[in-house]
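Coordinate inspection notes
Here is how the chains run, residue by residue.
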Amino acid sequence: MKTLVLWDIDGTLILSGGAGERALVVALHAEFGLAGDLADVEIAGRTDRWIARQVLAKYQLPVTPENISRYLAAYLRALPPLLANSHAHVLPGARELVSALSARGDVAQGLLTGNLRAGAELKLRHHDLWTPFAFGAFADDAEHRNDLGPHAVTRACSHHAVEFPADRVWVVGDTPHDIDCGKAIGACTLAVATGRYSLEELRAHAPTAAYPDLRDTAAVLETLTR
């Protein structure tokens, strides 16, 4: 093992067809009796805990640890049936690239995501993509995305009983927040324009590499393992 690849989920590996956003709206009504929306709440690249805090503040609900936990528990209850929609899918090339990396003996793969661990598992199991990832960092670990990287690297080192130097760690994601998160731990960053940001917008944040999507398995594989 010499290279560690840490994956974002939404907009990078999969799209859930808006299931996550709808689950947050459903949970707001179920737990607090409010018929609201997520307008003016930034979702892409943020953690579930950060998003929950913003939604509670928007509707002038007490932003307490108890209310955040209540809201996120309701979100997790609402999510599973909403994942079964016609717009949810694995993004082009993602499954093939994960499989190609899994077949190599010199690469470890984990998750570095703003999802709660339970939410990440629900989303990836729905698309049969959970198994390749034995460890990761999640919103359970920290509210701010830039604080997640050390958790992921520590778990990778523990799981594989090997050290991964920063220049052999890659953070793969679709938002500027993913790029910043990787830079916060000195990692390389691969930006992919399959989410809400264009290739030009992502390149403005100076990732190590950037691709429009993950279709060219050989090219992306070479970038990650060179």
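Rules and cut-offs
- Residues numbered from 1 in each chain as written.
- Predicted model: local features only at pLDDT ≥ 70, side-chain atom pairs only at ≥ 80, totals over all residues.
- Heavy atoms only, no water.
- Helix = DSSP H or I, 4+ residues; strand = E, 2+ residues; numbered from the N terminus.
- Rg over C-alpha atoms; globule rule 2.2 N^0.38 Å.
- Buried < 20%, exposed > 50% of the residue type's maximum accessible area, 1.4 Å probe, protein only.
- Contact = heavy atoms within 4.5 Å.
- Areas by Shrake-Rupley, 256 points an atom, 1.4 Å probe, with all protein chains shown as cover.
- Lys, Arg positive; Asp, Glu negative; His and termini not counted.
- Charge placed at Lys NZ, Arg CZ, Asp CG, Glu CD.
- Arc of directions from axis to C-beta.
- Core = buried A, V, L, I, M, F, W, Y, C linked by side-chain atoms within 4.5 Å.
- Pairing = 2+ DSSP bridges.
- Axes fitted to C-alpha atoms, helices over the stretch in contact; angles between N-to-C directions.

Turning our attention to the overall build of the protein. Secondary structure assignment for the protein yields nine helices and eight strands. For 226 residues, the compact-globule estimate of 2.2 N^0.38 gives 17 Å, and the protein sits close to it at 17 Å. Along the first, second and third principal axes, the C-alpha set of the protein runs to 50 × 35 × 35 Å. Each of the 226 residues in the protein was classed as buried or not, and the buried ones make up 52%. Sequence-distant contacts, at least 24 apart, represent 66% of the contacts inside the protein between residues at least 6 apart. About 9600 Å² of surface is accessible on the protein, with carbon and sulfur atoms providing 52% of the total. Across the protein, the 21 positively charged side chains and the 27 negatively charged ones have centroids separated by 2 Å.

Turning next to helix α4 (residues 94-102). Of all the residues in α4, the buried ones are A94, L97, V98 and L101. Projected down its long axis, α4 shows its buried positions confined to an angular sector of 100°, all on one face. Where α4 is buried, its residues contact β1 (3-7), β3 (89-90), β4 (107-112) and α9 (217-225).

To continue, consider the nonpolar core. By size, the foremost hydrophobic cluster in this structure holds 29 residues, and its most contacted members are W7, L13, L111, L124 and L224. Mapped by element, the contributors of at least two residues to this core are β1, α4, β4, α5 (117-126), β6 (169-173), β7 (188-192), β8 (209-211) and α9. Per-element accounting of this core gives the leading share, four residues, to α4. With residues near it in sequence (within four places) discarded, L224 still touches T3, V5, L97, L101, R168, W170, V172 and L190. If you look at the next biggest cluster of nonpolar residues, it comprises 25 residues, including A27, L38, I68 and Y71.

Once that is clear, we can look at the sheet that holds β7. Overall, parallel pairing links the six strands, which are arranged β5-β4-β1-β6-β7-β8 in an open sheet. At either margin of the open sheet sits one strand with a lone partner, and together these are β5 (136-137) and β8. Where β4 and β5 come together, two bridges link them in parallel fashion. Directly across from L112, in β5, lies its bridge partner A137. Along the sheet, α9 contacts β1, β4, β6, β7 and β8; its crossing angle with β8, the most-contacted strand, is approximately 165°.

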